[in-house]
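# Close look at the chain arrangement
Chain by chain, the residues run as shown.
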Amino acid sequence: MKVNNEAIMQYGYSQEEFFNMTITEVRSTLDTPDSENGVNDSILSSEPYEEREVRHRKRDGSYISARIKSNLIEYGKKTAKLVIAINLNECDYRGEQIDSQKPYLSAIDEINQLLLKTDDVFKSLHDCFNTIGNIVEVDCIFQFKNNLEDKSTSHKLEWHKGSLDFENYDLDLQDIPFSNLTNVMQRLQNKDHFEGAVDSLNSPWIQEFLENRDIKYILLIPIWVREEFYGFIGFGNSHNTKEVCAADFQFLKTMASHLGHVLKRSEMYQDLIYSEAQFKSLIENGKDLIAILDSNGTFKYVSPSSNTILGSDPEVYVGKSFFDFIYEVDVPLMETYLSEILEKKSISIQPYRFPDAEGNWRWIRTELTNHLNTPLIEGIVANTVDVTAEVEKKMVDNLVTAMTLAIGKPGLLTKCLNKGLNHLLQISRICVSEIWLVSPDENRLNLISKSSCNETIEKFYHNSSSLDSLSPGEGLPGYTWTEKKVTVWTDISNDRKFLRYAAADASNIHTAIGLPLLYNEEYLGCIICFSHLREGELNDQINILAAVSKQIGAIVKQKITEVEYRNFFNISPDPHVIVGFDGYIKKCNKAFIELLEYDDDKIKNRSISQFIHSDDQRTFLYKLKKMVDAVDDSKSIETRFITKNGQIKILKWSGTSISESKVFVAAAQDVTEQRSVEENLKKAYERLRTAQKIAKIGYWVKEFNCDESVWSEETYSIYERSPETFTPTMESIAKAFHPDDRYLITSNPSENLEPGKLRSFEHRILTKSGKVKWVRQEIRMLTTNLGEPIQLEGTIQDITERKKYEDQLTISNEKFRLAMQASNEIIWEIDHGKQKVVRGKSRKQPFRYGKTETFSKENSWFSKMHAEDRDKTWESINRAFRNKRKKSWQGEYRILSSDGSEVFFVDRCYILRDKLGNPIRSVGSSLDVTDSRQQLQRIKKQNKNLREIAWLQSHVIRSPLSKIMGLTYLSRELNGGGKSNDEIMEMISEAANELDVVIREITNKTNTIQDEDSRNFIN
């Protein structure tokens, strides 16, 4: 039904002949009837498998013995048998051949075992040559190695039958030129063997070489290793000259090929052992990780330094793909590098991420070198260095620099922090970040800034929009406040400590990282970062974030300080100016602009000297330079400024220099009104002093080197001494000083006096009766042109009554000072969105008011405002709020205190608006000016009384006094001038009465001032 090609070839019948025959037609006629019946039974049998031996007739009439194996099958919808016939005749022939090859095969196996199982190559070769000598009739085997560059060959090995030693190379048989073996080398170079009797050789050199070894017949077989003519091996026979049989030749040819590879491998192995020793020492003792990859990136070798660098044994990596380990984001780039190295000699790979034994990502840098075609390496050598610290430091430095620049830029705090957070989000695996800062009262943490790299922030903050302020210990921000250390919370969607767990669940956020912001141990706030991943997958990111947060505390503190200063700078009612070291105004606040009445652009970038009184310019700039150079220890500079309208404003400046920015930051106080009052007081005092000198003012003088002083009569009168009984020496005068004040006279005068300048002293003296008086002395030291003191002179005035008055005045002034000290400004703030006003506390509170309340005309502040001022003040401030261009407001009004008295306030504020001009917040201050107003009125009234007293003393009292002095002169010098003594005494009496009236009037006015001061003191 079907035959295969092997059946056609073995039996000799064609396919058509087979199809026209039955199985019985190929059987042998020599088979017995029993055998024939067996065949017929086999054909008719229904057994699934049968096997038997038969003889078949081939087409040429010959017979073959065959083993028949048959299986029952279905073929063409018929039951049939698949018959396999095995030619036993051919098997017997092949068996005979195999038997004849067994010695050779056994020898080959023995030789292979010798070469594979020993490290001593030369001993193995000796044993191999013994085995070859026992199989074939050879007495000598020798091997030469070629040097193809020099076209020479050298003797390396030699074996002789029966010899126990293995001869190494012969020094006399080294570097034999190919030209000495011309006939032989030509055949060997063509990969052909050379065979023949020694005496038939045409090469004298080789003939001599063989005859010396008693070789009569030679077979030379070339050794080729990977298309390289490595050398040749010779087999010599000392007993006969017959040709080598085919089986022996094939065996020797095979052995020559094997031995060639062994010798080449042995040679390379020796080189490798040396190189490997060097390489191993370098690898195991070096800090670099050495690996060998195949062209697909699979590790073929990893150096032991993997334990040191990555914490894993080399076996962890060998046989696995390089790409199975590296960070997934880095895979495409690494694939590109691997493709490039296949075409190049070497490539440097920039840092990429590779996991260590603990699963942390390490940054490593690798140098790839292509050694795919280098024997014994056959791969890509990867020299790797761990640069994690270097890369992370660079990442941290770059991130800190970027955030510092972003946060430090001029602008609103929130906007600058947002820009800083955008840089923070460049760290992979961080999806949301935010900054919380401590409130000014240090009681709360407020959410100031937030940022996200995708839509996560919308979901997250949509579900937690009301949570923007926390207490210490509350939530993760509050926890970082109390702990002041990096904190990681994981699985936050299920952690009720994390107050926004529902928002985290809705946004699929799993991990939150709290990073405290510290500046010199001061807690400023914290950065909170969120990720969709678990804590174990964020180790690298946490380390970088922790390093960054440690370094940006300073810039955050600087920004907060800058914002606070800018707010104070802008809302302060006092002038503030930033002046460059070049004397030009860099910045000024509104108070300074309003004071000088110039437009902003007419002041900024102008020299400050342009606005200073011409007489003060040189002194001001000189003192400013001294303060900048830290040479002048004075705390302030006082100078006169000229306004646009020509008015003079006296400003008292204080400040500090910032050398880094080359600017001087100064704050001024307008003391124009104060100095005016002081000048008026000074003039009044001078008039009073002149009036007082008319009565009870003494004079004295003392030569510097003389012990005795010269006193006027009034000086004796003040001391209640007489010139006849008292000599004013230094000792006697010191005794007349009150014991507590004697140090004034016992000290060296030159220590307390300056040449040519008056110096005043007030002290107590003891009269002869023991009475204590207060006196005022004004002393001047006169010197020569060389500055040597020559004389002391002075005046003394009995100020006992005045001292009492001054004691009362001191108490009154102290009361006024304490009142002013307690009268601090009240700072207030309006939240226009919530219509809420918050007011600070004041040390002096003549009435009660709400600290936090609704901003309305009915609140606790406006309800206490004077009825005449309430409506106009309410309308004034709201008109300012409605005016979208208005940035500030100022007003003055009265408040009725709880006792019904009026309290005067000067109020001002600055208005913060949105982009549309609508007010957002207003910050201002209310200053209680009641005491200063009342004190000013009292001073004006006292000045008026003092002027009247001075007039009486200097003018009115002069008339009767002149009359008395004239009448006295008339009586003494002119003998009455025609008037009798009674007439003169009558006239003196009238003048004395007139003087007494004036003195009483002065006394009454003085008592009036004292009574008023007493009342003020009591009040």
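Residues numbered from 1 in each chain as written. Predicted model: local features only at pLDDT ≥ 70, side-chain atom pairs only at ≥ 80, totals over all residues. Heavy atoms only, no water.

## What to know about empty space enclosed by the protein
Unoccupied space between atoms shows up once a probe the size of one water molecule is rolled over them. Selection criterion: Points on a 1 Å grid, built from protein atoms alone, make a cavity when a 1.4 Å probe fits but cannot get out and make a pocket when they are open with protein on both sides within 12 Å along at least 5 of 7 lines; residues with an atom within 4 Å of a point are the lining residues. Grid points are joined across faces, edges and corners, and a volume is the space filled by probe spheres set on the points. Strands are runs of DSSP state E lasting at least two residues, helices are runs of H or I lasting at least four, and both sets are numbered from the N terminus onward. Residues are grouped as follows: Ala, Val, Leu, Ile, Met, Phe, Trp, Tyr, Cys and Pro are nonpolar; Asp, Glu, Lys and Arg are charged; every other residue, Gly included, is polar.
As enumerated under the stated definition, the model contains 6 cavities of 30 Å³ or more in all. By volume, the largest cavity amounts to about 190 Å³. Residue lining of the largest cavity: 21 residues in total, with Phe299, Phe322, Tyr352, Ala382 and Thr384 positioned closest to the centre. Listed by contribution, the elements that provide at least two residues to the lining of the largest cavity are strand S10 (289-293), strand S11 (299-302), helix H10 (331-341), strand S12 (346-355), strand S13 (361-371) and strand S14 (379-386). The element best represented in the lining of the largest cavity is S10, accounting for 4 residues. Split by residue class, the lining of the largest cavity holds 19 nonpolar, 2 polar and no charged.

## Thoughts on the environment of isoleucine 233
Let me state the cut-off plainly: The criterion used for residue contact is that any of the two residues' heavy atoms lie within 4.5 Å.
Within the element layout of this structure, isoleucine 233 appears in strand S9 (residues 228-237). Spatially, the C-alpha atom of isoleucine 233 lies 5.8 Å from that of leucine 220, the residues being 13 residues apart in sequence. The contact partners of isoleucine 233, leaving out residues within four places of it in the chain, are Phe129, Ile141, Phe142, Gln143, Leu219, Leu220, Ile221, Ile223, Ala256 and Leu259.

## Remarks on the sheet that holds strand S1 (residues 49-57)
Quick note on the threshold: DSSP-based pairing: two strands are paired if at least 2 bridges between them are found. Axes here mean lines fitted to C-alpha atoms, for a helix over just the part in contact, with angles spanning 0 to 180 degrees between N-to-C directions.
An order of S1-S2-S3 is seen for the 3 strands of this open sheet, with the pairing classed as antiparallel. Sheet topology places S1 and strand S3 (78-87) at the edges, where each strand pairs with a single neighbour. For this sheet the average axis-to-axis angle between neighbouring strands, irrespective of direction, equals 35°. Summarising the sheet, strand S2 (residues 63-75) and S3 pair through 10 bridges and their orientation is antiparallel.

## Remarks on helix H11 (residues 388-408)
Here is the rule we go by: Each residue after the first adds 1.5 Å to the expected span of a helix.
Between its first and last C-alpha, H11 extends 29 Å over 21 residues, near the 30 Å set by a 1.5 Å rise per residue. Residues of H11 that are buried make contact with S12, S13, S14, helix H12 (413-424), helix H16 (539-551) and helix H17 (553-571).

## Let's talk about the pairing of strand S4 (residues 140-147)
Let me state the cut-off plainly: Exposure is judged per residue with a 1.4 Å probe applied to protein chains only, and the accessible area is read against the type maximum: over 50% gives exposed, under 20% gives buried, and values in between give partly exposed.
Counting buried positions over the 8 residues of S4 gives 6, a clear majority of the element. A loop of 4 residues connects S4 with strand S5 (residues 152-160), the two strands running antiparallel in sequence, and lysine 151 in this loop sits at a positive phi of about 50°. Relative to S9, S4 runs antiparallel, the two sharing 6 bridges. Opposite isoleucine 141, over in S9, you have phenylalanine 235 as the bridge partner.

## Brief notes about the nonpolar core
Test applied: Here the nonpolar core consists of buried residues drawn from Ala, Val, Leu, Ile, Met, Phe, Trp, Tyr and Cys, with membership extended through side-chain atoms lying within 4.5 Å.
By size, the foremost hydrophobic cluster in this structure holds 30 residues, and its most contacted members are Leu424, Ile527, Cys529, Leu545, Val548, Ile552 and Val556. Sorting the residues of this core by element identifies H11, H12, strand S15 (432-438), strand S19 (511-519), strand S20 (522-531), H16 and H17 as the ones contributing at least two each. Counting 28 residues, the second largest nonpolar core, distinct from the first, contains Ala107, Ile111, Leu125 and Phe129.

## Focus: the pattern of salt bridges
Using the following cut-off: Basic side-chain nitrogens of Lys or Arg form a salt bridge, by our definition, when they fall within 4 Å of a carboxyl oxygen of Asp or Glu.
Evaluated as defined, the whole model comprises 39 salt bridges. Among the ionic pairs, arginine 362 bridges to aspartate 386, the shortest N-O distance being 3.0 Å. You can see arginine 362 sitting in strand S13 and its partner aspartate 386 sitting in strand S14, a full 24 residues away along the chain. Salt-bridge contacts for aspartate 869 lead to lysine 872; the nearest nitrogen and oxygen are separated by 3.7 Å. Of this pair, aspartate 869 and lysine 872 both sit in helix H26 (residues 867-882), 3 residues apart, which is roughly one turn of that helix. Taking relative accessible area as the criterion, aspartate 869 reaches 4% and is therefore assigned buried. For lysine 872, a relative accessible area of 51% gives the class exposed. Here the salt bridges do not stand alone but share partners, grouping Glu868, Asp869, Lys872, Arg894 and Glu902 into one network.

## Some words on the packing of H11 against H16
Quick note on the threshold: Roughly parallel refers to an angle under 35 degrees, roughly antiparallel to one over 145, roughly perpendicular to one between 65 and 115, and oblique to any angle outside these ranges. Put simply, a crossing is left-handed when the front helix is turned counterclockwise from the back one by less than a right angle, and right-handed when it is turned clockwise.
Here H11 crosses H16 at 45°, and the two axes come no closer than 9 Å. As judged from the angle between their axes, H11 and H16 are oblique. In the crossing of H11 with H16, the sense of the turn from one axis to the other is right-handed. Of H16, the residues touching H11 (which contributes Glu392, Met395, Val396, Leu399, Val400 and Met403) are Asp540, Ile544, Ala547, Val548 and Gln551. A per-class count over the contact of H11 with H16 returns 8 nonpolar, 1 polar and 2 charged.

## Re the environment of isoleucine 571
If you trace the backbone, isoleucine 571 turns up in helix H17. Residue classification places isoleucine 571 among the partly exposed residues on the basis of a relative accessible area of 26%. It is 6.9 Å that separates the C-alpha atoms of isoleucine 571 and glycine 924, two residues lying 353 residues apart in sequence. Filtering out sequence-adjacent residues up to four positions away, isoleucine 571 remains in contact with Tyr910 and Val923.

## Examining the sheet that holds S15
Spatial strand order, S17-S16-S15-S20-S19-S18: 6 strands in an open sheet with antiparallel pairing. Edge positions in the sheet fall to strand S17 (469-470) and strand S18 (487-490), since each of these pairs with one other strand and no more. As paired elements, S15 and strand S16 (residues 445-452) share 7 bridges and run antiparallel to each other. Its bridge partner lying in S16, serine 433 is registered against serine 451. Those strands touched by H16 are S18, S19 and S20, and its axis lies near 20° from that of S19. Each of S15, S19 and S20 is contacted by H17, which is oriented at about 65° to S19, the strand it contacts most.

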